[in-house]
Amino acid sequence: MKPGQLKDLKNFLKTKRNIVIVTHWTPDGDAMGSSLGLYNFLIQLKHRVTVITPNDYPSFLFWLPGNKKVLVFSEKTSLAKKAVAKADIIFCLDFNSLKRIDKLGDEVAVSKAKKMIIDHHLQPDGFADYMLHDVRASSTAQLVYELICALDYKKLINKAVANCLYTGIMTDTGSFRFPSTSAKTLRIAADLVEAGASNWEAYNNVYDDNSGERIKLLGYCLGEKLKVFPEYRTAMISLSAEELTRYNYQKGDTEGVINYGLSIRGIRFAAFFADRDNMIKVSFRSKGSFDVNKFARMHFEGGGHANAAGGMSKLTLDQTIDKFLALLPAYAKQLNTAK
Ligand code: 5GP
Ligand code: MN
């Protein structure tokens, strides 16, 4: 963020404001952790703050402080529209194109409010007045921490703020194991623990909150659905709508399943396909130099990071898989030389 912008934002926040925080479609731990971390910070400055998500999110995030105040646009549409219309500033967290917030994007686009993007995804669209964007940051939650410190409000990082931001960092770094975890990330995590975040409770709440059905679905994915293509160093898992229903699928139940494909020795590229919400949700992960952001942008209307991206397909599940498999030979060389 340019120094002039930082000063400008600090002055802007000296007056009591109507503030809206929005985050991306099907929010994950970083989307909710960064949004509620910013929320718990801004309410201490006496602003009126509303967090709006485009749709619902996994129940393992409901424990985050401030969660009860979140408006889900698809459920509380008129209330959410009113909040956006009244906003003086809209913070856009953990996404970089209004397409990522679906119909909520139409409201944000026409709003006269100032807009600020805080994000770490590749190739941002330039729709905001203020931009705190760093693709090297482990998570948006890390950037929110850095913003609070840059505004000189570090003392306002209380237990609630700290737990939210810690959770965002923990989830986006795969519990501090991805290459995006820098020494700075670990120092910030330590700061957050000092400020009251409970690292073990955050972990328990997020990762040890499974239903029995979720674990059985994982077993089914690994036992019956995992396909490995050693010639392309690729692993794939797919789930039909019927299979999801069979295991009483709840939002978030398939999060992390894709990483098992990537954990196989020699595998550099993992794909996951699920038939849900009237489309095929697509997820990609890679290790090393194979760029799944590019792959998702080029073939599946998506994007994300170089090693973690997503997208969608309007074809049937079988057609989507056929399309994916037909693409692999063209990437054989890249995949086989991927560092
Ligand atoms: P996931 O596979 O967990 O849904 O997402 C992996 C990463 O890609 C996340 O950073 C997420 O924000 C991003 N992502 C997921 N789906 C999409 C999509 O449809 N479009 C774009 N641009 N990014 C996505
Ligand atoms: Mn993120």
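Just so you know, these numbers come straight off a predicted model, no measurement behind them. Residue positions within a chain follow its written sequence, with the count starting from 1. Chains and ligands are labelled by the order in which they are written, letters from A for the one and numbers from 1 for the other. pLDDT decides what is reported in this predicted model: residues at 70 or higher carry local features, side-chain atom pairs at 80 or more are listed and counted, and totals for whole chains, interfaces and linings draw on all residues regardless. Side-chain descriptors were evaluated using all non-hydrogen atoms of the structure, hydrogens and water having been removed beforehand.

## Considering the pairing of strand 2 (residues 48-53)
Selection criterion: Throughout this description, buried means an accessible area under 20% of the type-specific maximum (1.4 Å probe, protein chains only), exposed means over 50%, and partly exposed covers the range between. Numbering of helices and strands runs from the N terminus; a helix is a DSSP stretch of H or I covering at least four residues, while a strand is a stretch of E covering at least two. When DSSP finds two or more bridges between a pair of strands, those strands are recorded as paired. We call a crossover right-handed when, viewed with both strands directed away from the observer, the connection leading from the first strand over the helix to the second proceeds clockwise.
Of all 6 residues making up strand 2, 5 are buried, and the element is well covered by its neighbours. Taken together, the 5 bridges between strand 1 (residues 18-23) and strand 2 define a ladder with parallel strand orientation. Bridge pairing in strand 2 places I21 opposite V51. This β-α-β element, strand 1 to helix 2 (residues 29-42) to strand 2, shows right-handed connectivity.

## Here's the deal with the nonpolar core
Our working rule: To qualify as a nonpolar core, a set must consist of buried Ala, Val, Leu, Ile, Met, Phe, Trp, Tyr and Cys residues joined through side-chain atoms within 4.5 Å. Residues are treated as being in contact if the distance between any of their heavy atoms lies within 4.5 Å.
Grouped together as the largest cluster of nonpolar side chains are 50 residues, with contacts concentrated most on I21, F91, I118 and L192. In terms of residue count, the dominant contributor to this core is helix 6 (residues 159-172) (7 residues). Residues in contact with F91, not counting those within four places in the same chain, are L9, I19, V20, I21, V22, L38, L42, M116 and I118. Judged by nonpolar contacts, the second largest core, of 23 residues, contains M236, A296, F324 and L328.

## A short note on the coordination of the manganese ion (ligand 2)
Counted only if it meets this: Water is not among the atoms examined, so metal sites may look incomplete; donors are the N, O and S atoms within 2.8 Å of the metal, or within 3.2 Å for Na, K and Ca.
Protein coordination at the manganese ion (ligand 2): the donors are D30 (OD), D94 (OD), H120 (NE2) and D172 (OD), at 2.2 to 2.4 Å from the metal. For the manganese ion (ligand 2), all donor residues lie on one chain, and their spacing in sequence is D-x63-D-x25-H-x51-D. Here H120, found in the loop between strand 5 (114-119) and strand 6 (130-133), pairs with D172, found in helix 6; they are 52 residues apart in sequence, far enough to count as distant. The pair H120 / D172 is uniform in exposure class, with both members buried.

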